[in-house]
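As a plain string of letters, each chain reads:
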Amino acid sequence: MKSLGLYIHIPFCLKKCNYCDFLSLGGMSEEDHAAYTEALLVELEHYADRNISLDSVYIGGGTPSLLDPGLISRVVQRVQSCFTISEEAEITIEANPGLLDKNKLTTYRGAGINRLSIGAQSLNNEILKLLGRVHDREEFVRNFHLARECGFENISVDLIFAIPGQTHDIWMDSLEKTIDLGPEHISFYSLQIEEETPFYDLWKKGELKPVDDQGDRAMYHSAIDRLQSSGYRHYEISNAAKPGYESRHNLKYWSMDEYLGVGLGAHSYIDGRRFSNETDLSRYIRIAKEKNCAGRRQGASPWTIWFHENTVEGEMSEFMFTGLRKVEGIRLSDYEKRFALPVTAVYGDPINKHIETGLLEIDEKADRLRLTAKGIDLFNRVLVDFV
Ligand SMILES: C[S@@+](CC[C@H](N)C(=O)[O-])C[C@H]1O[C@@H](n2cnc3c(N)ncnc32)[C@H](O)[C@@H]1O
Ligand code: SF4
């Protein structure tokens, strides 16, 4: 039996945030949500009877908590009927403050969802307005407590820093207030100004001044210090968790473990192959109705529009640049087991170069190659030499 992680994409948001380029659509109707969910159920069914066991399920978006909770229940039930779910499986749903209530939360728990990832982004109402979020700080705090009351014992909170107009103090205040709530996991992302977003247009016009590198790094370092002194373990560039609460699903991406992605635009990595799904909503739904495989790559699903068989070199490179995102780095023996070569035989030059620049270190005793604290800051400089 194959053991995988499963990602399920819900591509709807109440409205698009000003900074976001994720595949999600604002302003769609409940009928659209229902039609999409029906198609999703068909796609899940496509993978039934393949002897697949799941140890993590991640319902992400978009905004899964926008959907009627009955639809989410049906999705989880379909997952349960099409796959074997391990007893200890981590089952996460992403939720947006302002789009959560008691009925939704109890339905999620009843369906077996045991982890909630809440996108707070900031706990400053001015900043939330600038980001174009639909919630305010008070709603987030209320929703967080409600989630605890409804039985969620594993909650992650997403925050963004280096937002134009966000001073170091405003950032640390948001982080502090989040830590006070005691979530098991905190993600902290430096704001990226992405093309085709309102933030990008404002930046192009000179009306949005990004936080400079120095300010960005200062916010990052202060966050890590504060998180560590509050009992969180910094385990990936942008993630910290109380011991034992590291995101099992996301660790799969950083360890190059296999996962299946279903839903609009979802990506998969199985048997050394990467493939991704249709990104047009009407076509995605139509394929489910027709199950029309004509013209699509053999071996992938009717929804696949992109397919790539990794070369050994490609696999090695991905193993390096995903694995080095983890603060503990890659295990030297894992590399050797996977590729039948010591990592230094393949990447001796870049490894030596970055040991000299002080960005990488080898710890033979711990069986690890990892970024130094300076390397975590300058990860992109290391990355280019492994791609
Ligand atoms: C896939 S999004 C969906 C989460 C959820 N819809 C929400 O917004 O709360 C996951 C996370 O990515 C982060 N994110 C999205 N766009 C970003 C950007 N341009 N820069 C930095 N972080 C971003 C946010 O923290 C967000 O919570
Ligand atoms: S940040 Fe989240 S809520 Fe905002 S548009 Fe992106 S996916 Fe939707």
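The rules behind the values
- Residues numbered from 1 in each chain as written.
- Chains lettered and ligands numbered in written order.
- Predicted model: local features only at pLDDT ≥ 70, side-chain atom pairs only at ≥ 80, totals over all residues.
- Near = placed C-beta within 6 Å.
- Nonpolar A, V, L, I, M, F, W, Y, C, P; charged D, E, K, R; others polar.
- Domains from an automatic or database assignment.
- Pairing = 2+ DSSP bridges.
- Helix = DSSP H or I, 4+ residues; strand = E, 2+ residues; numbered from the N terminus.
- Buried ≥ 20, exposed ≤ 12 C-beta atoms within 10 Å, placed from the backbone.
- Right-handed = clockwise from strand over helix to strand, strands pointing away.
- Contact = placed C-beta atoms within 7 Å.
- Core = buried A, V, L, I, M, F, W, Y, C linked by C-beta atoms within 7 Å.
- Axes fitted to C-alpha atoms, helices over the stretch in contact; angles between N-to-C directions.
- Parallel < 35°, antiparallel > 145°, perpendicular 65-115°, else oblique.
- Left-handed = near helix turned anticlockwise from the far one by under 90°.

All right, on to the site of ligand 2 then. Taken together, Cys13, Lys16, Cys17, Cys20, Phe22, Ser24, Gly61, Gly62, Thr63, Asn96 and Gly119 make up all the residues around ligand 2. Classifying every residue of the shell around ligand 2 by side-chain character gives four nonpolar, six polar and one charged.

The domain architecture assigned to the chain consists of domain 1 (2-253) and domain 2 (330-383). Centre-to-centre, using C-alpha coordinates, domain 1 lies 30 Å away from domain 2.

So, about the sheet that holds strand E16 (residues 360-363). Pairing between the strands of a sheet is mediated by backbone hydrogen bonds and can be parallel or antiparallel. Strand order in the open sheet formed by three strands is E15-E17-E16, with antiparallel pairing between adjacent strands. Two strands close off the open sheet at either side, each with one partner strand: strand E15 (330-331) and E16. Bridge count for E16 against strand E17 (residues 368-371) is four bridges, and the pairing is antiparallel. Note that in E17 the partner of leucine 360 across the bridge is leucine 371.

With five of its seven residues buried, strand E7 (residues 155-161) lies for the most part within the structure. As paired strands, strand E6 (residues 115-121) and E7 are joined by five bridges and run parallel to one another. Residue pairing across strands places glutamine 121 opposite leucine 159, the latter belonging to E7. By the bridge criterion, six bridges tie E7 to strand E8 (residues 185-190) in an arrangement that is parallel. From the neighbouring strand, valine 157 faces E8, where its bridge partner is isoleucine 186. This β-α-β element, E7 to helix H6 (residues 168-181) to E8, shows right-handed connectivity.

Let us now look at the environment of aspartate 136. Summarising the element assignment, aspartate 136 is placed in the loop between helix H4 (125-131) and helix H5 (137-149). Its 16 C-beta neighbours within 10 Å are what place aspartate 136 among the partly exposed residues. Along the primary structure aspartate 136 and aspartate 216 are separated by 80 residues, whereas in three dimensions their C-alpha atoms are 24 Å apart. Those residues in contact with aspartate 136 that sit more than four places away from it in its chain are Asn125 and Leu128.

This paragraph deals with the site of ligand 1. Residues in close proximity to ligand 1 total 17 residues, the closest being Tyr19, Gly119, Asp158, Tyr189 and Gln192. Mapped onto the shell around ligand 1, the elements with two or more residues apiece are strand E4 (52-61), E6 and E7. Tallied by class, residues from the shell around ligand 1 come to six nonpolar, eight polar and three charged.

Turning next to the pairing of E8. Inspection of the sheet shows E8 paired to strand E10 (residues 239-241) by three bridges, in the antiparallel sense. Note that in E10 the partner of isoleucine 186 across the bridge is alanine 240.

With 73 residues, the main nonpolar core has Leu6 and Ile72 as its most contacted residues. No other element matches helix H2 (residues 69-82), which puts six residues into this core. Ignoring anything within four residues of it in the chain, the contact list for leucine 6 reads Leu54, Val57, Val79, Tyr259 and Leu260. Formed by 13 residues, the second largest nonpolar core is a distinct cluster that contains Tyr347, Leu359, Leu369 and Leu371.

A few words now on the packing of helix H1 (residues 30-46) against helix H10 (residues 281-290). Remark: H1 packs on H10, axes separated minimally by 9 Å, with the N-to-C direction vectors making an angle of 50°. As judged from the angle between their axes, H1 and H10 are oblique. Between H1 and H10 lies a crossing of left-handed hand. On H10, the residues touching Ala35, Tyr36, Glu38, Ala39, Val42 and Glu43 of H1 are Leu281, Tyr284, Ile285 and Ala288. Residues that form the contact of H1 with H10 fall into these classes: eight nonpolar, no polar and two charged.

Our focus in this paragraph is the environment of glutamate 336. Note on placement: glutamate 336 falls in helix H12 (residues 332-339). Spatially, the C-alpha atom of glutamate 336 lies 33 Å from that of isoleucine 59, the residues being 277 residues apart in sequence. Glutamate 336 has contacts with Leu341 and Pro342, leaving out every residue within four places of it along the chain.

Looking at the element boundaries, tyrosine 269 is found in strand E12 (residues 267-270). We classify tyrosine 269 as buried; it has 22 C-beta atoms within 10 Å. The residues contacting tyrosine 269, other than those within four sequence positions of it, are Glu258, Tyr259 and Arg274.

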